[in-house]
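Inside the fold
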Amino acid sequence: MSMWEYANPKKFMGWTRPVLPWTFALAGICLVVGLIWGFFFTPDDFRQGSTVKIIYLHVPSALMAINAWIMMLVASLIWVVRRHHVSALAARAAAPVGVVFTLIALFTGGIWGQPMWGTYWAWDPRLTSFLILFLFYLGYIALWEAIEDPDTAADLTSVLCMVGSVFAILSRYAVLFWNQGLHQGASLSLDKEENISDVFWFPLLVCIAGFVLLFIALVLMRTRTEIRARRMRALEARARRA
Amino acid sequence: MIALLWRDLRLAIRAGGGFGLGLAFFLIVVVLVPFGVGPETALLSRIAPGILWVASLLAALLSLDRIFALDYEDGSLALLATSPLPMEGVAMTKALAHWITTGLPLTFAAPVLGFLLSLAPEAYFYLLLSLLIGTPALSMIGTFGAALTVGLRRGGLLLSLLVLPLYVPTLIFGAEAVRRGAEGLDPTGALMLMGGITAGCFALLPFATAATLRINLR
């Protein structure tokens, strides 16, 4: 029995039904513990004050925004190579979740940026590449919505996802090149994770685990919905023929 | 391949091909910008590289949906698919034809419009060079986008949504090269990186375009 057995739609529905509530529960526990620990039981940063606490939302969501795209890329590759329908549906299910994470990262970043940098938005390489990532997500979702035939849509969006990944990486480095010419980004691109102290680090880890679990739970749930929607469409088509 | 190229070029130049449309659009965008930001020469010459690049990008975008749509509707795309020429070759030829009918005229029109925006005199050479290197990439990426949306009823808007994010690296390097040229800095790095993007696009995107065309013709 190989791992691909689990990708059979019927088996997938079977094993996700018991797993899903547990994943949601674990995600909830991690998020509640991590956020309460982070918000109420860590000291204020000596320079940033209490604004440092937005890190518990900002960093995990930014992380997951990128990982969601990578997950979509892997799922698209599996669909192109092995033609597993569940894989294509999972890629479709992950996209809106990824968009929301990207938006959370952008908004929390802006809220943090206002007191710290004095501005909600700056054309910093990191912020800019996130905005571009957001645009890539939008295009991907729009293409899924626009095409009626599900297999064609899955194929075309997979190709778009692969090409888009290459260009997203290109844009990331192009943006770095572009901003160096404009101004010195040193004060803006503060690398938070390297010089963070353990007091902030452990609750952050719990929050990251919570966001990962939440992502998995949401994608599983949305994939189940997609499978049900497709079954319904098949039933309707059969009823029309009969 | 050459026969297909000639056919596309003839179709583009003759009735209703929209050959001059891109150029006219380019001119209008560039003329509108001073109305929007004011006629101060210093400001205009500072933003001129970016305006020229963004305008040429939009002008190239305008004619993208024509690349495959007409051939798809009258069935000649299906004929091309059964011809001995591989789909990758078709994709590349279409991109080349699009570049010759839009990118190349834009490249030569840009210095004239640069004059309108009082572009720094040192930058004209780099403007020409960067557009010459960069617009083929715009055409190739656009051909890929056109192949993605060819089967759709109203694909035009979606096409721009898909293609514009892909244009970001080319735009950054292109405008940066001209800006550096205008300020007397060395633009070779930006030009070479943009050349790399163009070469990479022509090496890889024909395969992706051919794959999407085959899917759409299924």
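Counting from 1, residues in each chain are numbered in the order their sequence is written. Whichever chain is written first becomes A and whichever ligand is written first becomes 1, with later ones labelled in order. With the structure being a predicted model, the display of local features is reserved for residues of pLDDT at least 70 and the display and counting of side-chain atom pairs for 80 or more, all residues being used for whole-chain, interface and lining totals.

1. So, the overall build of chain B
What counts is decided by this rule: Going along the chain from the N terminus, every DSSP run of H or I of four or more residues is numbered as a helix, and every run of E of two or more is numbered as a strand. For a compact globule the rule gives 2.2 Å times the number of residues to the power 0.38, and the radius of gyration it is set against comes from C-alpha atoms. Remark: C-beta atoms are placed from the backbone, and a residue is labelled buried if 20 or more other C-beta atoms sit within 10 Å of its own, exposed if 12 or fewer do, or partly exposed between those counts. What counts as a contact here is a pair of residues whose C-beta atoms, placed from the backbone, lie within 7 Å.
A count of helical and extended segments in chain B gives nine helices and zero strands. From first element to last, N terminus to C terminus, chain B shows the α and β order α-α-α-α-α-α-α-α-α. Computed over its C-alpha atoms, the radius of gyration of chain B comes to 18 Å, within 12% of the 17 Å expected for a compact globule of 218 residues. Along the first, second and third principal axes, the C-alpha set of chain B runs to 55 × 35 × 30 Å. Counting over 218 residues, chain B shows a buried share of 51%. In chain B, of all internal contacts separated by at least 6 residues, the share reaching a separation of at least 24 is 82%.

2. Some thoughts on the confidence of the model for chain A
Residues and elements named next belong to chain A. Test applied: pLDDT runs from 0 to 100 and stands for how confident the predictor is about each residue.
Of the residues in chain A, 88% have a pLDDT of 70 or more, and the chain-wide mean is 82. Helix 2 (residues 55-82) holds the highest mean pLDDT among the elements of chain A, 89, whereas helix 5 (residues 150-182) holds the lowest, 81. Ignoring residues within four places in sequence, the model shows residues 181-190, a span with pLDDT below 50, making ten contacts including any to other chains.

3. So, the interface of chain A and chain B
Stated formally: Under the grouping applied here, Gly and all other residues not named as nonpolar or charged are polar, the nonpolar ones being Ala, Val, Leu, Ile, Met, Phe, Trp, Tyr, Cys and Pro and the charged ones Asp, Glu, Lys and Arg.
Taken together, the contact between chain A and chain B spans 23 residues of the former and 19 residues of the latter. Sort the elements by how many residues they give to the side of chain A that touches chain B and helix 5 of chain A lands first, with 14 residues. Of the residues assigned to the side of chain A that touches chain B, the class counts are 18 nonpolar, four polar and one charged.

4. Brief notes about the confidence of the model for chain B
Residue and element names in this part refer to chain B. Counting all residues, the mean pLDDT for chain B is 85, and 98% of those residues have values of 70 or more. Averaged over each element, pLDDT in chain B is lowest for helix 1 (residues 2-13) (76) and highest for helix 7 (residues 123-148) (91). Overall fold confidence for the complex sits at a pTM of 0.85, while the interface term, ipTM, reaches 0.83.

5. Things to note about unusual backbone geometry
Residues other than glycine seldom take positive phi values, yet R83 of chain A does so here, at roughly 55°. For S118 of chain B, which is not glycine, the phi torsion reads 45° and is therefore positive. Following the sequence through the fold, S118 of chain B ends up in the loop between helix 6 (87-116) and helix 7. Here S118 of chain B falls in the partly exposed class, since 17 other C-beta atoms lie within 10 Å of it.

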